[in-house]
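# Architecture at a glance
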Amino acid sequence: MVVLSGSNSRSLAEQLASTLNWQHHPLETRRFPDSEGYIRIPSEVIQAVRSEPVVLVSNTFPDAGIVETLLMLEAINDVRRGNMDNLNQIGPQSMDDVGPGILLAIPYFGYSRQDKRFKPGEAVSAKAIGHLLASRCDGIIVFDLHAPSVLHDLPVPVAFTSAMPELAMHLKEHVDPDFILSPDKGAIERASAVAATIDCEFSYLEKTRIDAHTIVHQAKDLDVDGKIVAIVDDMIATGGTICRAAEALRSQGAIEVHAACSHGLFTGGAIARLIRYVDGVHATSSLSNPRDVISGGPALARGVKDLFERLEWTI
Ligand code: R5P
């Protein structure tokens with residue numbers, strides 16, 4: 001079995017391949033001067049792509065990641081179907097169709113937060129992107145998706161996996177928190193799973209987002225006086241959610257506050273903002289980021305194994 005990657009998830013693809021003990025082959029990717037992308041499956045990788053099922057690891061973030069993912073899926077489909085015709089007449093022009101065998105592993109699913117139509121006329125972006133990708137593969141693995149329900153009606157099986165077990169072990173070893181806080185209701189399931197793994201106290205806040213940069217938390221008494229607290233969320237973007245939650249914790253006596261997430265987007269100076277409020281920032285390798293301290297490889301591997309079982313493919 002082989003793991004393939006494009007330009008945005010190479011190191012995580014290597015982590016996945018090493019967790020599964022499979023080969024990893026990077027595809028050729030480059031940009032034309034006008035910024036459009038080019039992808040190609042190198043000649044020496046064509047046999048591997050045709051001889052066994054493949055897992056392509058690629059983020060749909062930023063926007064160029066969506067196009068690159070689609071182009072790579074298109075090229076993999078062509079190679080597996082045996083559509084090799086090319087203007088330079090290099091190699092055989094057609095081969096047998098080797099059948100299904102393409103899985104797409106998306107560490108960070110861009111557009112995941114537009115998972116509902118909040119006002120009439122809006123596109124439900126997460127669903128649109130999901131359907132586009134599902135039309136070119138046999139199954140999808142997504143890691144810590146913001147709201148999994150948005151992908152429930154895709155025409156291919158989806159494995160929802162999570163890095164929370166690895167995040168919990170990392171926090172236990174490096175922070176040893178007394179208390180885990182979910183900064184909003186949406187992160188309760190993930191954060192409470194971390195608290196249960198570490199065996200420590202847990203609570204959550206109720207958050208209202210006024211706009212992309214303004215967050216308000218409802219006041220709540222938290223039993224954090226003299227305690228080390230870790231705030232656990234699926235993603236950190238501007239850092240606003242974490243900074244406001246950290247203020248609430250400090251004002252109630254927390255002696256140390258850490259922020260941990262699956263997806264470290266860290267937009268618009270987020271790290272500089274965060275380090276004024278928290279003692280540590282911990283993220284996974286789903287996105288390339290300066291706080292990548294937790295490997296996403298094991299979480300993706302669990303998702304791959306789950307899909308192989310459901311599709312009755314042998315590993
Ligand atoms: C929202 O519900 C998410 O789970 C995160 O809490 C949010 O996206 C974080 O964004 P920011 O860092 O910009 O507050």
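About the thresholds
- Every chain begins its residue count from 1, and numbering advances along the sequence as written.
- It should be noted that, the model being predicted, local features are given only for residues of pLDDT at least 70 and side-chain atom pairs only at 80 or more, the latter also being counted only at that level, while totals for whole chains, interfaces and linings use all residues.
- Each side-chain value is worked out from all heavy atoms of the structure, with water and hydrogens disregarded.
- DSSP bridges decide pairing: two strands pair if at least two such bridges lie between them.
- Helix numbering and strand numbering both begin at the N terminus, where a helix is a DSSP run of H or I of at least 4 residues and a strand a DSSP run of E of at least 2.
- Inter-axis angles, ranging from 0 to 180 degrees, are taken between N-to-C directions of lines fitted to C-alpha atoms, where helices are fitted over the stretch in contact.
- Contacts are assigned to residue pairs that have any heavy atoms within 4.5 Å of one another.
- Each residue is placed in one exposure class: buried if its accessible area under a 1.4 Å probe, protein chains only, is under 20% of its type's maximum, exposed if it is over 50%, and partly exposed if it falls in between.
- Here the term right-handed applies to a crossover when the path leading from its first strand over the helix to its second strand runs clockwise, the strands being oriented away from the viewer.
- Residues are labelled near a given molecule or strand when at least one of their non-hydrogen atoms is within 4 Å of it.
- In protein, a polar contact requires one atom able to donate a hydrogen and another able to accept it; more generally it is a pair of N or O atoms within 3.5 Å, and residues adjacent in sequence count only if both atoms are side-chain atoms.
- All accessible areas in this document rest on Shrake-Rupley with a 1.4 Å probe, and a residue is counted as covered only by the protein chains that are shown.
- Residues were grouped as follows: Ala, Val, Leu, Ile, Met, Phe, Trp, Tyr, Cys and Pro as nonpolar; Asp, Glu, Lys and Arg as charged; and all remaining residues, including Gly, as polar.
- Only Phe, Tyr and Trp rings are paired, with Trp represented by its six-membered ring, and only when their centres lie within 6.5 Å; those with planes under 30 degrees apart are stacked, over 60 edge-to-face, the remainder tilted.
- Each ring is checked for a lysine NZ or an arginine CZ that lies within 6 Å of its centre and within 35 degrees of its normal; such an atom marks a charge sitting over the ring.
- As used here, the term nonpolar core means buried Ala, Val, Leu, Ile, Met, Phe, Trp, Tyr and Cys residues forming a set that is joined through side-chain atoms within 4.5 Å.
- Domain limits in this description derive from either an automatic procedure or a database domain assignment.
- By buried area we mean the combined loss of accessible area, with a 1.4 Å probe, across both parts when two parts are placed together.
- Salt bridges, as used here, are contacts in which a Lys or Arg side-chain nitrogen is within 4 Å of a carboxyl oxygen on Asp or Glu.

## A closer look at the sheet that holds strand E1 (residues 2–5)
Read from one edge of the open sheet, 6 strands run E2-E1-E5-E6-E7-E8, paired in parallel fashion. Bordering the open sheet on either side are strand E2 (23–26) and strand E8 (158–161), each of which pairs with just one other strand. Along the sheet, successive strands turn relative to each other by an average axial angle of 20°, direction set aside. Two strands pair when backbone bridges link them, and E1 and strand E5 (residues 54–57) are joined in this way by 4 bridges, in the parallel orientation. Across the sheet, Leu-4 pairs through a bridge with Leu-56, a residue of E5. Those strands touched by helix H2 (residues 43–51) are E1, E2 and E5, and its axis lies near 130° from that of E1.

## Quick word on the pairing of strand E7 (residues 139–143)
Looking along a regular strand, one sees the side chains alternate between the two faces of the sheet. Of all 5 residues that make up E7, 5 are buried, and the element is covered over most of its length. When strand E6 (residues 102–106) meets E7, the two strands line up parallel, connected through 4 bridges. Pairing of Leu-103 across the sheet is with Gly-139, part of E7. Regarding topology, helix H4 (residues 125–134) serves as the crossover connection from E6 to the parallel E7, and that connection is right-handed. Pairing of E7 with E8 involves 4 bridges; the strand directions are parallel. When the sheet's bridge partners are listed, Phe-143 is paired in E8 with Thr-161.

## Thoughts on the site of the ligand
Taken together, 14 residues surround the ligand, and among them Asp-233, Asp-234, Thr-238, Gly-239 and Thr-241 come closest. Here an oxygen atom of the ligand sits 2.8 Å away from a polar atom, N or O, in the main chain of Ala-237. In isolation the ligand offers 370 Å² of accessible surface; the protein chains occlude 91% of this area. Every element with two or more residues in the shell around the ligand is listed here: strand E11 (207–211), strand E13 (228–236) and helix H7 (240–251). Partitioned by chemical class, the residues of the shell around the ligand number 3 nonpolar, 5 polar and 6 charged.

## Some remarks on the packing of aromatic side chains
Here the structure, examined in full by the defined rule, presents 4 aromatic pairs. Aromatic pair Phe-32 and Tyr-38: ring centres 6.0 Å apart, planes at 90°, arrangement edge-to-face. For Phe-32, a relative accessible area of 36% corresponds to the partly exposed category. On the accessibility criterion, Tyr-38 (24% relative accessible area) is partly exposed. A centroid spacing of 5.4 Å and a plane angle of 90° characterise the contact between Phe-308 and Trp-313, whose relative ring orientation is edge-to-face. Here the two residues Phe-308 and Trp-313 agree in accessibility, since each one is buried. The structure contains a cluster of three or more aromatic residues connected by ring pairs, namely Trp-22, Phe-308 and Trp-313. Seen from the ring of Tyr-38, Arg-30 lies directly overhead, with NZ or CZ sitting 4.1 Å from the centre.

## Details of the nonpolar core
Most often, soluble globular proteins keep nonpolar side chains buried together rather than apart. Residues Leu-4, Ile-41 and Ile-140 are the most contacted members of the largest nonpolar core, which totals 37 residues. Contributions of two or more residues to this core are made by E1, H2, E5, helix H3 (63–81), E6, H4 and E7. Considering every element that reaches this core, the biggest residue donor is H3, with 7 residues. In this structure Ile-140 touches Leu-104, Ile-106, Gly-130, Leu-133, Ala-134, Leu-154, Val-156, Pro-157, Val-158, Ala-159 and Leu-307, once residues within four positions along its chain are discounted.

## Considering the sheet that holds strand E15 (residues 280–284)
Strand pairs in the sheet, formed through backbone hydrogen bonds, run parallel or antiparallel to each other. Within the open sheet, the 6 strands sit side by side as E10-E9-E13-E14-E15-E16. Their pairing is parallel. Since the sheet does not close on itself, it has two edges, and those belong to strand E10 (201–204) and strand E16 (292–294), each with one partner. Ignoring strand direction, the axes of neighbouring strands in this sheet form an average angle of 35°. Relative to E15, strand E14 (residues 256–264) runs parallel, the two being bridged by 4 bridges. Among the inter-strand pairings, Ala-260 is bridged to a residue of E15, identified as His-282. Sheet strands touched by helix H6 (residues 188–198): strand E9 (179–182), E10 and E13. Its angle to E9, the strand with the most contacts, is close to 170°. Sheet strands touched by H7: E9, E13 and E14. Its angle to E13, the strand with the most contacts, is close to 165°.

## A look at the domain arrangement of the protein chain
When the parts of a complex come together, some accessible area is lost, and that lost area is often taken as the interface size. Looking at the assigned domains, one finds that the protein chain contains domain 1 (2–163 + 297–310) and domain 2 (164–294). The centre of domain 1, based on its C-alpha atoms, is set 30 Å off from the matching centre of domain 2. Tallying the contact residues gives 17 residues for domain 1 and 15 residues for domain 2. Taken together, both faces of the contact between domain 1 and domain 2 bury some 1,400 Å²; the carbon and sulfur share is 52%. It is Tyr-108, Asp-144 and Ala-163 that lose the most area in domain 1 upon contact with domain 2, and together they represent 39% of the buried surface on that side. The interface formed by domain 1 and domain 2 includes 2 salt bridges. Here Glu-166 makes a salt bridge to Arg-302, at a shortest N to O gap of 2.8 Å. Along the contact surface separating domain 1 from domain 2 lie 13 residue pairs in polar contact (both at pLDDT 80 or more). Elements with a minimum of two residues in the side of domain 1 that touches domain 2: helix H1 (10–20) and helix H9 (297–311). When residues of the side of domain 1 that touches domain 2 are assigned to their parent elements, the largest contribution, 3 residues, is made by H9.

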